[in-house]
Amino acid sequence: MSKRSSYQSLATRRRFLRTGLLGAAAATSVPAFLERTFAGMHHAADAASAVQGVTGKDGTILVVVQLAGGNDGLNTVVPWADDAYYQARKKIAIPQNQVLKVNDQIGFAPAVKYFHEAFDNGELALVQGVGYPNPNRSHFRSTEIWEQATAADKTAHTGWLGRYFDNACDGEDPVPGIALTNQKPDSFVAARKQGITLDAPELYKWVDGGEGGARRSEVFDHLNAPDDEQDGASTGQMTSGVKKDTGIHSAGEALDFLERTALDARLSSDKVGEIVRKSKSKISYPGTPIGRNLQLISRMIEGGLSTRVYYASHGGFDTHNNQRGAHPARLGQLDQALRAFFKDLKAQGNYERVVLMTFSEFGRRVAENANAGTDHGAAAPLFLMGGGVKGGIVGDHPSLTDLHRGDLKFSVDFRSVYASLLEQWLGTNSEAVLRGKFKPLDLIRRG
């Protein structure tokens, strides 16, 4: 085929895609026969893989909430009986009489009343001393380690949830995961099964990540640009650029990728939008970003979306200065949003199908700094909540005197928590996803 003929073919296929498929999808809902047809096309492409058959419509669901910035674990789960805590934090320690006591050693900060209630009701698992060997104090690098589930001296091209999508979600609807963030989290980066990222359903946009992601997004935007901005030559320029950056090796392959991704994205967009429009929460949520995002997730679950993993981020935990005001405020926003979220799920009858996990890239140092704040540290507690959680405490509270470079030592590798969720909640082989064997913890209720 000549170069010109190749461009014409690409343009023709692009026009078909835009005026046919995407044009139809621009309606308020996609006709059922069209959705079935292209869902079948999508599934056929995965025919060589095993079909799992479990979806978020009626199966278990995982919600991941990132506490971005490095949450101070010692002012979240307070070692109120340990004098070393009060010696190290003369300005910012939480007084004993304000701690919501769990036992004769530790208790929750007063800002997280719902955490305390959930713990008392056996609906919250507190995992103590979570971290990894050779901890890194860089926000970027440590987040990457958690999201990719790698050792500190390794990197990966995919994230742990993306690998779950690739390994365990074949045969499902096109969208195994939804992140309510303005950038795709590293954990969602996959080789084949792309989760989607959206700020809000009404402002849906496809956001890619990983190597060459920006370039693919550029091509996607180009594909959907007005006709007078495109011609055969420009398409060729765009797809030749993809070749260098993404591992896509021909213009035809690039267009195939875009066709499938664009179709998935558009179908998913319409489906999400339709479900959110139809589903109305009966529970009042706080008007904070994390409150709005958890409300959206609740509406998508109630609406029967097939998605198995949702992801949201709650930032502001990088408390180097004046922590006494900022940290309780951020914890309080999270606590109030989670109270509404789980109350909503219970009202829907979906509570037993949902487990929520929080994580943060690191904890803070034991000693406060000169600005009444805390600096980047290492190990910290992690929380799981929801109907499937086996409540209680896993692991011992880290020593405040036996430290590593001034930081708490970890006793639980975060990948063991992931292994628990993958095997006991999502029902898949964790070793294939985590690329290593990590012993699951006893975090999930059986049957």
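The name an unreviewed UniProt entry assigns to the protein chain is DUF1501 domain-containing protein, from the organism Sulfuriroseicoccus oceanibius.

Trainee: I would appreciate a short explanation of the overall build of the protein chain in the present structure.
Mentor: Helices and strands together make up the secondary structure of the protein chain, namely 13 helices and 12 strands. Residue burial in the protein chain is summarised as follows: out of 447 residues, 57% are buried. Of the contacts made within the protein chain by residues no fewer than 6 positions apart, 71% connect residues no fewer than 24 positions apart. When the accessible surface of the protein chain is summed, it comes to about 18600 Å², and 50% of that surface belongs to carbon and sulfur atoms.

Trainee: What is the right way to read helix 10 (residues 289-302) from this model?
Mentor: Working note: α-helix, 3.6 residues per turn, so residues spaced by three or four point in the same direction. Here helix 10 spans 20 Å end to end across 14 residues, near enough to the 20 Å set by a 1.5 Å rise per residue. Where burial is concerned, most of helix 10 is hidden: 10 out of the 14 residues are buried. Buried residues of helix 10: Ile 290, Gly 291, Asn 293, Leu 294, Leu 296, Ile 297, Ser 298, Arg 299, Met 300 and Ile 301, and no others.

Trainee: What is the right way to look at the pattern of salt bridges in this model?
Mentor: Close approach of charged atoms allows side chains with opposite charge to pair. The final tally for this structure, using the stated rule, is 11 salt bridges. We note a salt bridge from Glu 123 to Lys 346, for which the minimum N-O separation is 3.4 Å. Of this pair, Glu 123 sits in the loop between helix 4 (113-120) and strand 5 (124-131) while Lys 346 sits in helix 11 (residues 323-348), placing them 223 residues apart in sequence. In this structure Lys 346 comes out as partly exposed when scored by relative accessible area, which is 41%. Among the ionic pairs, Arg 445 bridges to Glu 352, the shortest N-O distance being 2.8 Å. Pair noted here: Arg 445 is in the segment after helix 13 (430-434) and Glu 352 is in the loop between helix 11 and strand 9 (354-359), with a separation of 93 residues, a long-range link. Residue Arg 445 is classed as partly exposed on the basis of its relative accessible area of 41%. Among the ionic contacts, a cluster of salt bridges with common partners joins Arg 137, Arg 365 and Asp 407.

Trainee: It is not clear to me how the confidence of the model for the protein chain should be interpreted in this structure. Could you clarify?
Mentor: Note that predicted coordinates carrying low pLDDT should not be read in detail. Overall, the prediction assigns the protein chain a mean pLDDT of 80, with 70% of residues at 70 or greater. Counting interchain partners and residues more than four positions distant, the pLDDT-below-50 stretch residues 1-52 has 76 contacts.

Trainee: What am I meant to see in the packing of aromatic side chains here?
Mentor: One pass over the full model with this rule turns up 18 aromatic pairs. When the centroid spacing of 6.3 Å and the interplanar angle of 40° are considered together, the rings of Phe 108 and Phe 383 count as tilted. Of this pair, Phe 108 sits in strand 4 (residues 107-108) while Phe 383 sits in strand 10 (residues 380-386); the two residues are 275 residues apart in sequence, bridging distant segments of the chain. Taken as a pair, Phe 108 and Phe 383 share a single burial class, namely buried. Between Phe 115 and Phe 383 the ring centres are 5.1 Å apart and the planes differ by 80°, which places this aromatic pair in the edge-to-face class. Of this pair, Phe 115 sits in helix 4 while Phe 383 sits in strand 10, and the two are 268 residues apart along the sequence.

Trainee: I'm lost on helix 5 (residues 139-148) in this one. Help?
Mentor: Most of helix 5 is tucked away, with 8 of its 10 residues classed as buried. Listed as buried for helix 5 are Arg 141, Ser 142, Thr 143, Glu 144, Ile 145, Trp 146, Glu 147 and Gln 148. Between a side-chain oxygen at the N-terminus of helix 5 and the backbone nitrogen of Phe 140 the separation is 3.3 Å; the capping residue is Ser 138. Ala 149 occupies a position one or two residues after helix 5 and carries a positive phi of about 60°.

Trainee: Before we go on, may I ask you to explain the pairing of strand 9 in this structure?
Mentor: Regular strands place their side chains on alternate faces of the sheet. Across the 6 residues of strand 9, 6 count as buried, placing the element largely inside the fold. Sheet topology note: the strand 9/strand 10 ladder contains 3 bridges and is antiparallel. Bridging from a neighbouring strand, Met 357 pairs with Leu 384 of strand 10.

Trainee: When you look at the nonpolar core in this model, what are you seeing that I'm missing?
Mentor: Proteins that are soluble and globular tend to have nonpolar side chains buried together. The biggest cluster of nonpolar side chains holds 62 residues, and the ones touching the most others in it are Val 63, Ile 178, Leu 294 and Phe 341. Of the residues forming this core, the biggest block, 8 residues, is contributed by helix 11. Setting aside chain neighbours within four positions, we find Val 63 in contact with Leu 294, Ile 297, Tyr 310, Phe 341, Val 354, Val 355, Leu 356 and Met 357. If you look at the next biggest cluster of nonpolar residues, it comprises 41 residues, including Val 130, Ala 149, Trp 160 and Leu 441.

Analysis parameters
Residues numbered from 1 in each chain as written. Predicted model: local features only at pLDDT ≥ 70, side-chain atom pairs only at ≥ 80, totals over all residues. Heavy atoms only, no water. Helix = DSSP H or I, 4+ residues; strand = E, 2+ residues; numbered from the N terminus. Buried < 20%, exposed > 50% of the residue type's maximum accessible area, 1.4 Å probe, protein only. Contact = heavy atoms within 4.5 Å. Areas by Shrake-Rupley, 256 points an atom, 1.4 Å probe, with all protein chains shown as cover. Expected span 1.5 Å × (residues − 1). Salt bridge = Lys/Arg side-chain N within 4 Å of Asp/Glu carboxyl O. pLDDT = per-residue confidence, 0-100. Phe/Tyr/Trp six-rings, centres within 6.5 Å; stacked < 30°, edge-to-face > 60°. Polar contact = N/O pair within 3.5 Å; in protein donor to acceptor, adjacent residues only side chain to side chain. Pairing = 2+ DSSP bridges. Core = buried A, V, L, I, M, F, W, Y, C linked by side-chain atoms within 4.5 Å.

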